Amino acid sequence: MAMWPFAGRRDDLARLVRLAHDGAAHGVVIAGPAGVGKSRLATEVLRTFVSSAYAVIPIRATRAASGIPYGALARLLPPEAPPGLVNPLRWAADAVSAHAGGRRPVLAVDDAHLLDGASAAAVHHLVTVEGALIVATLRTGEPAPDTVTALWRDGLAARAELGPLTLGDSAAILTTALGGRPDDATVRRLGTATEGNALLLHELVAAARDAGTLRKVRGMWQLTGETPLAPRLTELVGERIGALSPEAGAVLELTAFGEPISLSTLLELASAEAVEQAEDRGLIRMAPDGQRVLVRLGHPLYGEVARAGCPPLRRRNRYATLAGALEHSGARRRDDLLRLTVWRLESGRQASPGPLMSACGLAWSAHDYPLAIRLGRAALAAGGGVEAAILLATVLEYAQFPDEAAAVLAEAETEAAPATGPGAATEAGTPAGTTSGAGAATSPESRPGGRPLDEATGTRLALARASNLAWGMNRLDEALDLLDRTEATLVDPVARRQVAMRRLDLAASAAKPRVALGLGAALLRAAPAGPERIETLKAQALALCYAGQTGEAVSVARQALTDAGSWQDAIPAMVSPLHSAWSMAGLFAGDLAAMEEAVTSMEAAVAAQRGWSLGEGSLALSKGHLATARGRVETALGVLHDAAHHPTALTVGGCMGAYAAAQALLGDAEGAHSTLGEALARNRATWTGFTRWVALTRVWIAAAYGDTGAAVELALAFAEECRTAGLPGFEFVALHDAVRLGGAAHALARLEELPGLHDGRRVLLARDHARAAVAGDGAALLAVADGFEGLGMILHAAESAAQAAARLRRDGKDRAALAAATRAWSLARRCEGARTPALRGLAVPELTARQLEVAQLAAHGLSNRDIAVRLVLSIRTVANHLGAVYERTGISDRLDLGELFDGD
């Protein structure tokens with residue numbers, strides 16, 4: 001793969017250029033770990049020395065030449081030294097200076113830590129005596145000659161530390177290298193795997209492209225699977241690992257298979273010298289964890305290479321060694337059971353169903369879905385029976401494998417007969433001999449060898465099947481019918497309460513707040529503290545959100561999450577929906593700070609997640625809604641892309657619908673129409689009122705096609721549907737969409753009523769927007785723009801300002817109209833290319849290049865004198881340019897200029 005064009009690291013490059021040209025010093029030494037991108041940045045810095053005053057002289061130090069006097073300067077020196085040479089240092093320095101041809105030398109020293117002593121002394125002499133400038137790179141953690149370290153110790157040159165690539169840098173680099181934008185999940189995965197190392201990023205991308213796991217999907221680059229360790233990448237990582245003694249190699253492998261592993265355990269399995277050697281080489285790193293020290297790999301790819309290169313028998317022995325050490329220590333910590341069970345499995349030892357099921361639950365609690373599924377399958381294969389089947393099916397459901405979950409439940413039903421007698425449940429609550437969707441019931445007589453189920457187990461099986469029907473198959477009515485039939489057979493009040501709780505959950509998820517709130521009130525009074533109460537609070541928070549009580553919804557969600565540590569092991573799947581309700585409440589209220597808080601909290605809660613799950617989709621959807629609400633529609637596409645186009649997930653409809661909405665706001669009618677169609681085809685879940693979001697998206701697809709009349713009609717019809725369903729949040733959003741599209745007269749009457757049914761600032765601004773539009777009040781429309789900008793809803797603000805400009809223009813208030821149009825243009829620039837009907841007529845203020853340059857400098861606080869000095873103009877000329885800017889934009893002072901160029 002060829003060298004990539006330079007991209008990213010803007011701040012780093014600006015800092016290094018400033019240091020390199022700082023007259024108080026003689027250049028800059030760029031220090032950082034191997035592969036971080038020092039040489040590439042140095043090259044870009046050297047490009048700034050392009051005038052005839054400078055001569056860049058490359059000096060390449062190598063390990064091979066580091067023991068040869070003047071080895072790094074060999075190509076710059078004459079073939080032979082003059083006879084009787086007395087001062088070789090001066091001779092070498094003069095020879096190097098001669099390559100400058102009378103210009104000021106700029107020494108470009110790569111890997112200065114590898115300079116031989118004589119070359120280092122010559123470089124030092126050139127800088128200190130001859131006045132040469134230097135731009136050098138240096139690997140941290142490596143010894144360097146004293147004359148090199150003296151450069152920054154004595155203040156001759158600045159030393160600048162270069163850290164790993166940020167995700168933003170990685171995104172910019174990947175976009176440039178791939179010739180197209182990667183989605184956010186791909187940037188995050190590659191950034192995590194490489195830990196911001198530019199060289200490893202280059203090689204990992206090359207390997208992924210060769211393997212076909214990094215490819216373009218719907219216009220964005222997406223990492224669609226695990227990337228194999230290509231030979232070049234393995235070789236590169238192997239070079240960084242280096243040659244190891246057998247003892248240090250054992251430390252690396254034990255850490256690779258067992259991380260995080262306690263230092264005390266590692267020291268039982270390997271010598272202190274071997275552990276110290278591995279740490280010195282950067283192969284492992286240590287961090288305190290309470291009263292113990294945990295050991296992890298120095299880089300994720302070290303583990304990939306170590307595990308791939310370990311022969312199968314030695315691998316099993318390593319796991320057996322780890323398991324034995326943990327057994328010997330007593331396995332007292334919470335996660336020890338999970339680790340011990342996994343290590344036993346990997347070592348080939350048999351495990352009984354009980355520990356396997358417990359470990360499955362712990363893996364699920366840690367959001368490690370691939371491991372939880374593996375352990376659940378092992379528990380079922382080991383004879384775990386119906387209980388193991390229910391656990392596995394539940395994990396599969398949340399991991400978005402609903403078809404496999406249904407098959408597991410169906411198999412469990414064929415192996416177990418229901419108990420008989422008064423009040424006993426037939427199979428999952430279904431009368432014997434009848435069918436009900438996935439895993440249809442059969443009579444006890446048709447199940448040879450079936451074992452009767454007690455009422456509690458039968459109830460759990462029915463609940464699992466109902467969840468699968470509703471959230472895996474989008475068959476809500478069948479799920480509710482199954483719950484009704486199950487409940488009719490139950491005697492135990494606890495079992496009946498569990499069925500009622502699932503009915504509440506399904507009602508809330510299906511956006512039926514009236515039903516859910518009615519069920520929830522009674523259940524909250526009866527639910528004991530612990531998991532049952534948390535499940536009830538989760539449904540209550542979502543129902544309150546849909547009912548327009550967003551403040552209370554946020555309060556309930558936060559209340560439930562406050563003590564998540566006490567219930568997360570039992571019901572880990574509650575973490576994401578609680579956050580989703582919190583985020584959605586912020587969306588309807590117009591409280592984007594609350595949305596941001598919810599998203600940040602959710603990201604932290606699932607930071608260690610492995611594998612795809614409903615939680616990952618919920619997080620992407622919340623982030624996408626937040627970006628769209630802020631008007632950052634291209635950002636929304638990047639956030640949603642991986643979730644919307646996940647190759648295996650079967651319940652991605654919500655994310656695809658939100659993706660289609662962002663496409664529509666960007667004016668991509670055909671793309672949005674196609675995506676929404678796929679969303680409807682792929683959706684397999686009854687959740688968060690999916691069809692409600694679909695209806696809102698259709699409004700903007702019609703608008704993107706240019707049919708605003710049809711868009712308004714769709715919005716009004718949907719608003720009426722929501723009014724009937726008791727969904728004031730969706731209703732006012734739909735009515736406000738009609739206002740944004742020019743249909744305020746049809747929406748105002750109901751918007752006057754809705755603030756009494758829905759809390760939050762957003763519904764009030766929607767009403768005010770309708771009032772101002774109907775009244776034709778340009779000033780009031782600008783006030784609405786102020787209000788939406790204050791909420792951070794920049795697209796809504798831009799549209800209102802654009803409508804104000806049109807109104808003022810019709811009223812003959814040309815200067816005010818020009819100022820409003822300029823304001824709308826400024827706001828729209830922050831919306832990443834959004835092309836809604838209200839914005840389509842906006843024009844860029846007619847400024848010359850020089851006027852734009854002067855305006856931007858003034859917006860950033862420079863005085864007329866400062867601008868004159870920087871642009872080599874007279875102060876009067878600067879003032880004339882600003883006067884023209886004010887005239888053409890309709891604004892009147894520097895404060896307004898600051899708002900106009902906000903974000904530049």
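Just so you know, these numbers come straight off a predicted model, no measurement behind them.

Notes on the side chain of Arg692
- Among the secondary structure elements, Arg692 is positioned in helix H32 (residues 690-704).
- Setting aside its immediate chain neighbours within four residues, Arg692 contacts Ala511, Phe718, Glu721, Ala725, Leu727 and Phe730.

Topic: the packing of aromatic side chains
- Inspection of every chain in the model, using the stated rule, returns eight aromatic pairs.
- The interplanar angle of 50 degrees and the centroid separation of 4.9 Å between the aromatic rings of Phe257 and Tyr319 together place this pair among those described as tilted. Of this pair, Phe257 sits in helix H10 (residues 246-258) while Tyr319 sits in helix H14 (residues 312-329), placing them 62 residues apart in sequence. You'll find Phe257 and Tyr319 in the same group, each marked buried.
- When the centroid spacing of 5.2 Å and the interplanar angle of 75 degrees are considered together, the rings of Phe588 and Phe730 count as edge-to-face. Note that Phe588 is positioned in helix H26 (residues 575-589) and Phe730 in helix H34 (residues 728-740), a separation of 142 residues in sequence.
- Accessibility expressed as a relative area gives 1% for Phe730, which makes it buried.
- Grouped by ring-pair contacts, the aromatic residues Tyr546, Phe588, Trp693, Phe718 and Phe730 constitute a single cluster.
- The ring centre of Trp825 lies 4.8 Å from the NZ or CZ of Arg829, which sits over that ring.

Some thoughts on the packing of H10 against helix H12 (residues 272-280)
- Where H10 contacts H12, the axes come no closer than 8 Å and their chain directions differ by 70 degrees. By the angle between their directions, the pair H10 and H12 is classed as roughly perpendicular. As for how H10 packs across H12, the hand of that crossing is right-handed. Note on element contacts: H12 touches H10 through Ala274, Val275, Gln277 and Ala278, opposite Glu247, Ala248 and Val251.
- Class assignment for the residues of the contact of H10 with H12 results in five nonpolar, one polar and one charged.

Notes on the environment of Asp893
- Within the secondary structure, Asp893 is located in the loop between helix H42 (875-889) and helix H43 (894-900).
- As a C-alpha pair, Asp893 and Val28 span 865 residues in sequence and 41 Å in three-dimensional space.

Section: the sheet that holds strand E10 (residues 292-297)
- What the three strands build is an open sheet, ordered E8-E10-E9; its pairing is antiparallel. Unpaired on one side and paired on the other, strand E8 (261-262) and strand E9 (284-289) mark the two borders of the sheet.
- In the sheet, E9 pairs with E10 via six bridges, with the strands oriented antiparallel. Paired with Arg285 across the two strands is Arg296, which belongs to E10.

Comments concerning the sheet that holds strand E3 (residues 104-110)
- An order of E2-E3-E4-E1-E5 is seen for the five strands of this open sheet, with the pairing classed as parallel. One side of each edge strand has no neighbouring strand; the edge strands of this open sheet are strand E2 (54-60) and strand E5 (158-161). Each neighbouring strand pair of the sheet contributes to a mean axis angle of 15 degrees, computed without reference to strand direction.
- Pairing geometry for E2 and E3, over seven bridges, is parallel. Note that in E3 the partner of Ile59 across the bridge is Val109.
- Strands in contact with helix H5 (residues 146-153) are strand E1 (27-32), strand E4 (133-139) and E5; relative to E4, the strand with the most contacts, it is inclined by about 115 degrees.

A few points about unusual backbone geometry
- Look at the link from Glu259 to Pro260: it is a cis peptide, with omega at -5 degrees.
- When you line up the elements, Pro260 lands in the loop between H10 and E8.
- If you check the backbone angles, Tyr70 has positive phi at about 60 degrees while not being a glycine.
- Its place among the elements puts Tyr70 in the loop between E2 and helix H3 (88-98).
- The phi dihedral of His367 is positive, around 60 degrees, even though this residue is not glycine.
- Secondary-structure assignment places His367 in the loop between helix H16 (353-365) and helix H17 (369-381).
- With relative accessibility at 4%, the residue His367 sits in the buried group.

With respect to the packing of H16 against helix H18 (residues 385-398)
- For the pair H16 and H18, interaxial distance at closest approach is 11 Å and the crossing angle is 20 degrees. Compared by their axis directions, H16 and H18 come out roughly parallel. The interaxial crossing formed by H16 with H18 has left-handed handedness. For the pair formed by H16 and H18, the contact residues are Met357, Cys360 and Trp364 on the first element and Glu387, Ala388, Leu391, Thr394, Val395 and Tyr398 on the second.
- Partitioned by chemical class, the residues of the contact of H16 with H18 number seven nonpolar, one polar and one charged.

Let's talk about helix H30 (residues 653-665)
- For H30, spanning 13 residues, the distance from its first C-alpha to its last is 18 Å, which sits close to the expected 18 Å at 1.5 Å a residue.
- Of all 13 residues in H30, 13 are buried; the element is thus mostly enclosed.
- Just past H30, the residue Gly667 takes up positive phi, approximately 90 degrees.

Reading the values: rules and limits
- Within any chain, residue numbers begin from 1 and follow the written order of that chain's sequence.
- At least 70 in pLDDT is required for a residue's local features to be given in this predicted model, at least 80 for side-chain atom pairs to be given and counted, and no such filter applies to totals for whole chains, interfaces and linings, which use all residues.
- With hydrogens and water stripped out, all remaining heavy atoms of the structure feed into the side-chain values.
- Numbering of helices and strands runs from the N terminus, with a helix taken as a DSSP run of H or I at least four residues long and a strand as a DSSP run of E at least two residues long.
- The contact rule is simple, with two residues in contact once any of their heavy atoms fall within 4.5 Å.
- Here a Phe, Tyr or Trp ring, Trp counted by its six-membered ring, pairs with any other such ring whose centre lies within 6.5 Å, and the pair is stacked when the planes are under 30 degrees apart, edge-to-face when over 60, and tilted otherwise.
- The buried label applies to any residue whose accessible area, calculated with a 1.4 Å probe on protein chains only, is under 20% of its type's maximum; exposed applies above 50%, and partly exposed to all values in between.
- Only Lys NZ and Arg CZ are tested; either one counts as a charge over a ring when it is within 6 Å of the ring centre and within 35 degrees of the ring normal.
- Every angle, taken between N-to-C directions, lies between 0 and 180 degrees, and every axis is a line fitted to C-alpha atoms, over only the stretch in contact when it is a helix.
- Every angle not falling under 35 degrees, over 145, or within 65 to 115 is termed oblique; those three ranges are roughly parallel, roughly antiparallel and roughly perpendicular.
- Should the near helix be turned anticlockwise from the far one by less than a right angle, the crossing is left-handed, and should it be turned clockwise, the crossing is right-handed.
- Each residue receives one of three labels: charged for Asp, Glu, Lys and Arg, nonpolar for Ala, Val, Leu, Ile, Met, Phe, Trp, Tyr, Cys and Pro, and polar for the others, Gly being one of them.
- Strand pairing is assigned whenever DSSP detects at least two bridges linking the two strands.
- The span expected for a helix works out to 1.5 Å for each residue beyond the first.

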